[in-house]
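These are the residues of each chain, in order.
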Amino acid sequence: MSLTIAPDPAAMLEAAGQSGRHWLRRLVERPPAVIGLAGVIVVVVVAVFAPLLAPYSPVASSFQAVLARPFTAGHLLGTDELGRDVLSRMIYGAQPTLEVGVLATGLALVVGVPIGLVSGYYRGAADMLAMRITDVVLAFPFLLVAIGLAAIFGPSLRNVVLALGIASLPGFVRIARAEAMALREQDFVQAAIVTGVRDRVILFRHLLPNMAGPILVQATLTIPGAILGSALLSYLGLGVQPPTASWGNMLATAQEYLFNDPWLAVFPGVAIFLATLCFNLLGDGLRDLFDPAMR
Amino acid sequence: MPAVLEVDDLQVRLFDRTGPVLAVRGISLSVRRGEVVALVGESGCGKSVTALSLLRLLPGDAQVTGSVRVDGREVLELSPAQLRTIRGGEVAMVFQEPMTSLNPAFSVGNQIAEVLRLHQGLRGAQARARALELLRMVGIGDPEKRLRSFPHELSGGMRQRVMIAMALAGEPKLLVLDEPTTALDVTTQAQILDIVRDLRSRTGMAILLITHDLGVVADIADRIVVMYAGAKVEEADVYDLFRAPRHPYAAGLLGALPGSAVARREAGRLRLAEIPGMVPVLRAPLESCAFAPRCQRATDQCREQPPLLTPCGPADDHAVACFHPEPVATVPA
Amino acid sequence: MKVYVIRRLGVSVFTLVVASVLVFLGIRAVPGNPAIALTGNANLSPAAIAAIEGQYGLNKPLPVQYADWLRQILTGHLGSSPVTGMPITTELSSAFPITVELTILAMLIGIVIGIPAGIIAAVRRGKAIDYAGNAIALFGLSIPSFWFGILLILIFAVLLRVLPASGYVSFLSSPGSNLSHMVMPAFVLGTGVAAVLMRQMRSGMLEALRADYVRTARAKGLPEPSVVLKHALRNSLVTVATVIGLQLGVLLSGVAVTEEVFGLPGVGDLTINAVFQRDYPTIQAVALITAAAIIVINFALDFVYAFLSPRVRVEGAQ
Ligand SMILES: Nc1ncnc2c1ncn2[C@@H]1O[C@H](COP(=O)(O)OP(=O)(O)OP(=O)(O)O)[C@@H](O)[C@H]1O
Ligand code: SF4
Ligand SMILES: [Mg+2]
């Protein structure tokens, strides 16, 4: 026999606390999310320990072995048109990719969340301003922003981060704004407002922690977009400049050798695809946790 | 007179995030032509789930057993096409949530016309004329304009009137009203109830009225079925039940009710939560009386086996599920 | 409705003005003298610089320069490219149709695949077809469009030799050849759009299918296709319209890179070449036109939005 009392606030709080404590465990119960998490960890490890993992220097050319096929001459993935070890370039290429993904997302989060928070909480003029800012941002494709920045400052990784960070801004503003508007109406926030708690405390103690979940989901789903964007920009020559390796610029050169040495175009593409896929899998898994109805 | 609706030993098992919920545990009831039967009980006792299972509107994973017969046809065994003739045609339903039950994307006229087309074969000007008539019937002013209105342009009371008009559009034999007034203010509640009372006298339609407001019941119901934790605990003629409730839960509900029906109406919406404790969510069959934790008359027997529904006189259609029913004299008329 | 239109129009005009100011100031932010930026000639004598400054009005105060610039643009004078010497309007008018054709084809493919797939996945939630749809969408979302393009070239142009690897033929001169050049790039972009639309459609549809009004629709006795395709669809399309607006920038960036991969001389290709040739006037013109296009499309989407969701006609889009 089991008899539980339906809407017991204490029990509900406890259940909420439990779900908070075990969200990692619940995440791990989802195979796609686990694959995603594992893939993300692999990418991070490869990027961080690139110097230890790469068999060769990513920029050392060897004119004895130009365009060596995979599995030949001691090069697992072959060599490129300058005789550089493709595997080593792939390993080092993880660095700018991950860097851009994380930094651009971080930038958008750090700028976008406070804007959304304030606009959703105060509404009125602040909201108006925030919405007009996102309108303007949305009017410029990230490629155009990157082109503008490259025209002004010359191509660099920093521009790519900036361009993708700006382009990802509206997503964070929208989420934080919607959450702030919803949370504002909740009893505990209303109570805090009525008892005269200072706005700053309400915003950062009451609202911000309670929107951590959706923001985390948004961040995890923004990273793969930023990775794709950074690959796209560096394919176009607007990102990391050669000889530094990135998956995107490796693909750009590979396209010139497509007819005779197509494998050069396969590996970096697969790497971008898998890294993006893993972040998406992880992000979807997290979203399902916080919003099970959408599963 | 044959019953329009006959429900026999209806059991519904639902699933929420934590597991199965035994939402309805063997409900039997019948509603005859021209009769208003009230289904009462506290929030969460399974009233809406019972109503939804009449038209098989529960989520796909719901497990429903027993029998629901409309005009003698077994609803639980109908093919989807047959079911659609019952839904909105023989049985119409007005839901508890007037604010969200109308589609925000379509005009009132459009949504009423759908029913007229499906069940009355009316189109164009005919459908329009009938829709206007229905809106007038439920007391909506300026029906021409309202036909073109979208739900967001209407108040809660107006929306509920539209829902009732929409339900009447199919000229159903049975109208199920699931707490039609709970979400509304007192004046609007009274107006909606007047419409229901008027319908009853004019159309002779069978009505199943779900509520947790006993004041409503006293006014318009013929018979009352009292539900607790998914099961029927008492059933009686409205007069008998108000005069001498036998189940401690029903007595508790009535005891919480002050004064005459008029005074009660004026006191506004009356909740049944005056009995200490709450309706349990049952996840496995009980081997006791579900009300025992809250019952002042409970004995060891009540905690060891569930009571069965038995006739309890003096009237022969009075039945109660209790080992120690209230003596007839405790509540003076 | 009238209030709504006026308000949205005001917002669009405001956004357009701010965007144009940003574009205008952008070229002034290019390091060095704007005269050099505008002519692309780094070896100008001071006298020549002064002459150009006079010609372009660069010695006037900024607001006046902005007003002059705006007036020129509004009368159709976008200047000429310092690299090719051609009027920018001429270059754009040959590039524009290519980009528009590619974008429209991609949107069509995306809508035709994405919307029905999303609906089916939502209706068959938790079934095999839902999982398959989700998995395919996730692939479409994660695959870099330019790499996908390169792979298609590898397969259909290099290995099978059934489609041209790159280049463009106008539709008017040869429809068949035009389409054979467009099919791969449009497919590459279209699958990306389809993936986004499918996911959005699915979640919007799941939400709508849970709504009370869907239960009402079923209770009326409507057949399931009407319940889904009339009552639920209308409301879930609202979120899809929103997402299209939000994704325009990503889509157009994708269009540009796809043009580059397939050697299509569209606006994206024009712009990317302009960056490497320091052709600032062209970049400026493209930036302005793109921003204007996005703002106009978003304004149009506001109407779609109002049509789908009558409430916003009264309360405004936010
Ligand atoms: N879709 C569902 N899935 C799982 N459990 C449900 C679902 N709908 C209702 N329940 C559970 O079934 C029980 C009965 O709910 P029901 O809505 O029938 O109560 P009610 O008597 O109509 O209450 P109220 O007066 O609040 O409307 C409750 O415990 C509720 O939590
Ligand atoms: S059976 Fe026992 S516990 Fe249940 S209502 Fe009757 S007296 Fe109370
Ligand atoms: Mg209910």
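Residues numbered from 1 in each chain as written. Chains lettered and ligands numbered in written order. Predicted model: local features only at pLDDT ≥ 70, side-chain atom pairs only at ≥ 80, totals over all residues. Heavy atoms only, no water.

1. Some words on the site of ligand 1
Residue and element names in this part refer to chain B. Going by this rule: For this purpose, a residue is taken to be near a molecule or strand whenever a single non-hydrogen atom of the residue falls within 4 Å of it. Identification of polar contacts relies on pairs of N or O atoms within 3.5 Å, with a donor-acceptor requirement for protein atoms, meaning one able to donate a hydrogen and the other able to accept it, and with residues adjacent in sequence counted only if both atoms are side-chain atoms. We get accessible surface area from the Shrake-Rupley algorithm with a probe of 1.4 Å; when it comes to residues, only the shown protein chains can shield them. Segments assigned H or I by DSSP are reported as helices when at least four residues long, segments assigned E as strands when at least two residues long, and all are numbered from the N terminus. Classification used: nonpolar for Ala, Val, Leu, Ile, Met, Phe, Trp, Tyr, Cys and Pro, charged for Asp, Glu, Lys and Arg, polar for all others including Gly.
Around ligand 1, 17 residues are found, and the nearest of them are S43, G44, S48, Q96 and E179. Measuring from an oxygen atom of ligand 1, one finds a backbone N or O atom of G46 at 3.1 Å. Between ligand 1 and the protein, one listed contact pairs an oxygen atom with a side-chain N or O atom of S48 at 2.7 Å. Compared with its free state, where it exposes 640 Å², ligand 1 has 72% of that area covered by protein. Within the residue set of the shell around ligand 1, elements represented by two or more residues are β1 (3-16) and α1 (47-54). Residue composition of the shell around ligand 1, by class: 7 nonpolar, 6 polar and 4 charged.

2. A few points about a nonpolar patch on the surface
Residue and element names in this part refer to chain A. How we decide: Patches draw on residues past 30% relative accessible area with no salt bridge. Two like charges within 9 Å are joined, as are two nonpolar side chains (Val, Leu, Ile, Met, Phe, Trp, Tyr) within 5 Å. For this document, the term salt bridge refers to a Lys or Arg side-chain nitrogen within 4 Å of an Asp or Glu carboxyl oxygen. For every residue, the accessible area obtained with a 1.4 Å probe (protein chains only) is divided by the maximum for its type, and the residue is called buried under 20%, exposed over 50%, and partly exposed between those limits.
A cluster of nonpolar side chains, I41, V44, V45, V48, F49, L52 and L53, forms an exposed patch at the surface whose accessible area comes to about 620 Å². For the nonpolar patch, the secondary structure elements donating two or more residues are α3 (31-48) and α4 (50-53). If you tally residues by element for the nonpolar patch, the top one is α3, at 4 residues. Looking at the secondary structure, you find L53 in helix α4. A relative accessible area of 42% places L53 in the partly exposed class.

3. Description of the site of ligand 2
Near ligand 2 you find 13 residues, and of these C289, C295, C302, C322 and F323 of chain B are the closest. Grouping the constituent residues of the shell around ligand 2 by class yields 10 nonpolar, 2 polar and 1 charged.

4. A closer look at helix α11 (residues 267-276) of chain C
Structural remark: α-helix, 3.6 residues per turn; residues separated by three or four positions point the same way. What counts is decided by this rule: By definition in these notes, contact holds between two residues if any of their heavy atoms fall within 4.5 Å.
Burial runs high along α11 of chain C: 8 of the 10 residues are buried. Inspection of α11 of chain C places V267, G268, D269, L270, T271, I272, A274 and V275 of chain C among the buried residues, and these make up the whole buried set. Looking at the buried residues of α11 of chain C, the elements they touch are α7 (142-153) of chain A together with α5 (88-123), α10 (224-261) and α12 (280-308) of chain C. A positive backbone phi angle near 55 degrees is found at R278 of chain C, which sits one or two residues after α11 of chain C.

5. A closer look at the interface of chain C and chain A
The condition that has to hold: By definition, the buried area sums, over both parts, the 1.4 Å-probe accessible area that each loses when the two are put together.
With 53 residues of chain C in contact, the opposing surface of chain A contributes 47 residues. Taking both partners together, chain C and chain A bury about 4300 Å²; carbon and sulfur atoms supply 75% of that area. Across the contact surface, chain C and chain A share 1 salt bridge. Where R199 of chain C meets D284 of chain A, a salt bridge forms, and the shortest distance between an N and an O atom there is 2.8 Å. On inspection of chain C and its partner chain A, the count reaches 5 residue pairs in polar contact (both at pLDDT 80 or more). Counting residues per element, the ones that place at least two in the side of chain C that touches chain A are α1 (2-28), α6 (128-142), α7 (145-159), α8 (175-209), α10, α11 and α12 of chain C.

6. Comments concerning the coordination of the magnesium ion (ligand 3)
All names here are of chain B. Quick note on the threshold: Counted as coordinating are nitrogen, oxygen and sulfur atoms within 2.8 Å of the metal, or 3.2 Å for Na, K and Ca, while water is not included, which may make sites look incomplete.
Here the magnesium ion (ligand 3) is held by the protein donor atoms S48 (OG) and Q96 (OE1), which lie 1.9 to 2.4 Å from it. Of this pair, S48 sits in helix α1 while Q96 sits in the loop between β6 (91-94) and α3 (108-120); the two residues are 48 residues apart in sequence, bridging distant segments of the chain. Its relative accessible area of 22% is what places S48 among the partly exposed residues.

7. A short note on the environment of Q255 of chain A
All names here are of chain A. Inspection of the secondary structure assignment puts Q255 in helix α12 (residues 247-256). Taking C-alpha positions, Q255 is 53 Å from R200, a pair spaced 55 residues apart along the chain. A polar side-chain atom of Q255 sits 2.3 Å from a polar atom in the side chain of Y235.

8. Here's the deal with the pairing of β6 of chain B
Residues and elements named next belong to chain B. What counts here: Strand pairing requires that DSSP identify at least two bridges connecting the strands.
Burial along β6 is two-sided: the residues V91 and M93 and A92 and V94 are all buried. Pairing between β6 and strand β7 (residues 174-178): 4 bridges, direction parallel. Looking at the pairing, V91 lines up with L174 of β7.

9. A few points about empty space enclosed by the protein
Our working definition: Cavity means a closed set of points on a 1 Å grid over the protein atoms alone, one where a 1.4 Å probe fits but cannot get out, pocket means an open set with protein on both sides within 12 Å along at least 5 of 7 lines, and lining means a residue has an atom within 4 Å of a point. Grid points are joined across faces, edges and corners, and a volume is the space filled by probe spheres set on the points.
The tally for this structure, following the rule as stated, stands at 6 cavities of 30 Å³ or more. Taken as a whole, the largest cavity encloses approximately 100 Å³ of empty space. Along its surface, the largest cavity is lined by G88, A92, M93, F95, V115, M163, M166 and A167 of chain B together with T216, A219 and K220 of chain C. Counting residues per element, the ones that place at least two in the lining of the largest cavity are β6 and α6 (156-169) of chain B together with α9 (212-219) of chain C.

10. Quick word on the packing of helix α5 (residues 86-122) of chain A against helix α6 (residues 124-139) of chain A
All names here are of chain A. Counted only if it meets this: Note on geometry: axes are lines fitted to C-alpha atoms, helical ones only across the stretch in contact, with angles between N-to-C directions running from 0 to 180 degrees. Relative orientations are named as follows: roughly parallel for angles under 35 degrees, roughly antiparallel for angles over 145 degrees, roughly perpendicular for angles from 65 to 115 degrees, and oblique for any other angle. Put simply, a crossing is left-handed when the front helix is turned counterclockwise from the back one by less than a right angle, and right-handed when it is turned clockwise.
Their axes nearest at 7 Å, the elements α5 and α6 cross at an angle of 140 degrees. Looking at the two axes, α5 sits oblique to α6. Judged by the twist between their axes, the crossing of α5 over α6 is left-handed. Contacts between α5 and α6 pair I115, V118, S119 and Y122 from the former with G124, A126, D127 and A130 from the latter. By residue class, the composition of the contact of α5 with α6 is 5 nonpolar, 2 polar and 1 charged.

11. Considerations on the packing of α10 of chain C against α11 of chain C
Residues and elements named next belong to chain C. For the pair α10 and α11, the least separation of the axes is 7 Å and the interaxial angle reads 80 degrees. The pairing of α10 with α11 is recorded here as roughly perpendicular in orientation. For the pair α10 and α11, the contacting residues are A256, E259 and E260 in the first and V267, G268, D269, I272 and N273 in the second. Taken together, the residues that form the contact of α10 with α11 break down as 3 nonpolar, 2 polar and 3 charged.

12. What about the nonpolar core?
Selection criterion: Buried Ala, Val, Leu, Ile, Met, Phe, Trp, Tyr and Cys residues form a nonpolar core when they are joined through side-chain atoms within 4.5 Å. Note that domain bounds follow an automatic or database assignment of domains.
Ranked by internal contacts, the top residues of the largest apolar core, which has 134 residues, are L233 of chain A together with F146 of chain C. Broken down by element, this core gets its largest block of residues, 14 residues, from helix α13 (residues 263-290) of chain A. Built from parts of two domains, this core gets at least three residues from each of domain 1 (2-74) and domain 2 (88-316) of chain C. Counting 108 residues, the second largest nonpolar core, distinct from the first, contains L132, M166, A229 and L253 of chain B.

13. A closer look at unusual backbone geometry
The step from P242 of chain A to P243 of chain A runs through a cis peptide bond, and the omega angle for that step is 10 degrees. The residue P243 of chain A is located in the loop between α11 (212-235) and α12 in this model. Positive phi outside glycine occurs at D71 of chain B, with the angle close to 55 degrees. With respect to the helices and strands, the residue D71 of chain B is situated in the loop between β4 (63-70) and β5 (73-74). Although it is not a glycine, R161 of chain C sits at a positive phi angle of roughly 55 degrees. As for its placement among the helices and strands, R161 of chain C is situated in the loop between α7 and α8.

14. So, the pattern of salt bridges
All names here are of chain B. This structure, assessed with the given rule, holds 34 salt bridges over all chains. For E6, the salt bridge identified is with R69, shortest N-O distance 3.8 Å. In this pair, E6 is assigned in strand β1 and R69 in strand β4, connecting sequence segments 63 residues apart. Using a relative accessible area of 25% as the deciding quantity, one classes R69 as partly exposed. Between D240 and R243 there is a salt bridge, with the nearest N and O atoms lying 3.7 Å from each other. Here D240 and its partner R243 are both found in helix α9 (residues 238-243), 3 residues apart, which amounts to about one turn of the helix.

15. Observations regarding helix α8 (residues 157-184) of chain A
Heads up, the rule is: Here, expected helix span is obtained from the residue count minus one, scaled by 1.5 Å. For a residue, the bend is simply the angle between two axes, fitted respectively to the seven-residue segment ending there and the seven-residue segment starting there.
Between its first and last C-alpha atoms α8 of chain A spans 39 Å; for 28 residues at 1.5 Å apiece the expected length is 40 Å, and the two agree. Taking the largest bend as the criterion, α8 of chain A deviates by roughly 35 degrees, centred on S168 of chain A, and proline P170 of chain A comes between one and four positions later.

16. Considering the packing of aromatic side chains
Two aromatic rings are characterised by how far apart their centres lie and by the angle between their planes. The line we're drawing: Ring geometry is summarised as follows: Phe, Tyr and Trp rings, the Trp one being its six-membered ring, pair when their centres sit within 6.5 Å, and such pairs are stacked at plane angles under 30 degrees, edge-to-face over 60 and tilted between the two.
Summed over all chains, the structure comprises 11 aromatic pairs over all chains. Centroid distance F24 of chain C to W69 of chain C: 5.5 Å. Interplanar angle 45 degrees. Geometry classified as tilted. Of this pair, F24 of chain C sits in helix α1 while W69 of chain C sits in helix α4 (residues 62-74), and the two are 45 residues apart along the sequence. Residue classification places F24 of chain C among the buried positions, given a relative accessible area of 2%. Ring centres of F148 of chain C and F187 of chain C lie 6.2 Å apart, and the angle between their planes is 50 degrees; this geometry places the pair in the tilted category. Separated by 39 residues along the polypeptide, F148 of chain C in helix α7 and F187 of chain C in helix α8 bring together distant segments of the chain. Residue class for F148 of chain C comes out buried when judged on its relative accessible area of 17%. Linked through ring pairs, Y228, Y249 and F291 of chain B together constitute an aromatic cluster.

In short, the description is geometric, and any link to function would need to be established separately.
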